[in-house]
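This is what each chain is made of:
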Amino acid sequence: MNLKINKYYSRLSSKYDKDKDVKKFVKGKISSAQWFIDAINQRSHTIKRVVESIMNFQDSYFNSDNRKLSPMILKDIAEDISMDISTISRVTKGKYIQLPWGTKELKEFFSEGIKMKSGEVVSNTILKKELIDLIGSENKQSPYTDEELKKIL
C-alpha cells in the first residue's frame, strides 16, 4: 500500500511560520496522519506475514488438487512468525483470501488434529467432511449408528 501525506499539507506548516498556533496545529495533524499511515502499513505487513505462514503450513492445500488441510492451530503461526497468539487471532478474524478456486476466511485454515489408530494425525475438518459425505450417502431407511460411523471413519 502506498499512502502518503499530500504535499500541500506538508507545505502548509511552513506557510504559517509566524503564527505558532496554526503551525503547531498543522504539525500535529500531519504527525497524526503519519502515525495512521504507519499503523496501516504495519497491519498490512502483519497480514502478509500471517498469510505466508499459513500457506507454508498448508502447502498440501495450496499446491495440490485434493485441497486437504493439515492440522494447524493459531499457536503454530504465532511461533513461526514470532507474534502473540492474540495477534494472529485478530489478524485472521473476518479477513478473507481470494483464491482461484474460491474465497476463504483465513480462520478456515485452522483446525485441530486428530490422531488416527495408524498414528497419522488428520485435520478435524477432513473428518467432518468425510462424516458429512457418509451421512449424505447412507440409506435413509437404515441409517448408520454412531458406532458404525466410528468404525467406518
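The structure displayed is predicted, hence computed values, not measured ones.

J.: Whenever I open this one, unusual backbone geometry confuses me. Can you help?
T.: Note: most residues except glycine have negative phi, and most peptide bonds are trans. Here Ser82, not a glycine, exhibits a phi torsion of approximately 55°, which is positive. Its location among the elements puts Ser82 in the loop between helix 4 (74–80) and helix 5 (85–92). Looking at Ser82, the relative accessible area reads 68%, which means it is exposed.

J.: Sorry, what's going on with the nonpolar core here?
T.: Generally speaking, soluble globular proteins have nonpolar side chains that are buried together. One finds Val50, Ile54, Ile77, Ile88 and Phe109 to be the most contacted residues of the largest nonpolar core, which totals 18 residues. Broken down by secondary-structure element, the contributors of at least two residues to this core are helix 2 (20–57), helix 3 (59–62), helix 4, helix 5 and strand 1 (96–99). Counting residues in hydrophobic clusters, the runner-up holds five residues, among them Ile5, Leu12, Val26 and Ile30.

J.: Hey, could you run me through the packing of aromatic side chains in this one?
T.: What describes a pair of aromatic rings is the distance from one ring centre to the other and the angle between the planes of the rings. Taken as a whole, this structure holds six aromatic pairs when the rule is applied. Between Tyr8 and Tyr9, the aromatic rings sit 5.1 Å apart at their centres with planes inclined by 80°, giving edge-to-face as the arrangement. The partly exposed category is assigned to Tyr8, whose relative accessible area is 45%. A relative accessible area of 45% places Tyr9 in the partly exposed class. Measuring from centroid to centroid gives 6.5 Å for Phe62 and Trp101, while their planes differ by 50°, and the two rings are tilted. One end of the pair, Phe62, is in helix 3; the other, Trp101, is in the loop between strand 1 and strand 2 (102–105), and 39 residues separate them in sequence. Relative accessible area serves as the criterion here: at 33%, Trp101 is assigned to the partly exposed category.

Rules used in this analysis
Residues numbered from 1 in each chain as written. Predicted model: local features only at pLDDT ≥ 70, side-chain atom pairs only at ≥ 80, totals over all residues. Heavy atoms only, no water. Helix = DSSP H or I, 4+ residues; strand = E, 2+ residues; numbered from the N terminus. Buried < 20%, exposed > 50% of the residue type's maximum accessible area, 1.4 Å probe, protein only. Core = buried A, V, L, I, M, F, W, Y, C linked by side-chain atoms within 4.5 Å. Phe/Tyr/Trp six-rings, centres within 6.5 Å; stacked < 30°, edge-to-face > 60°.

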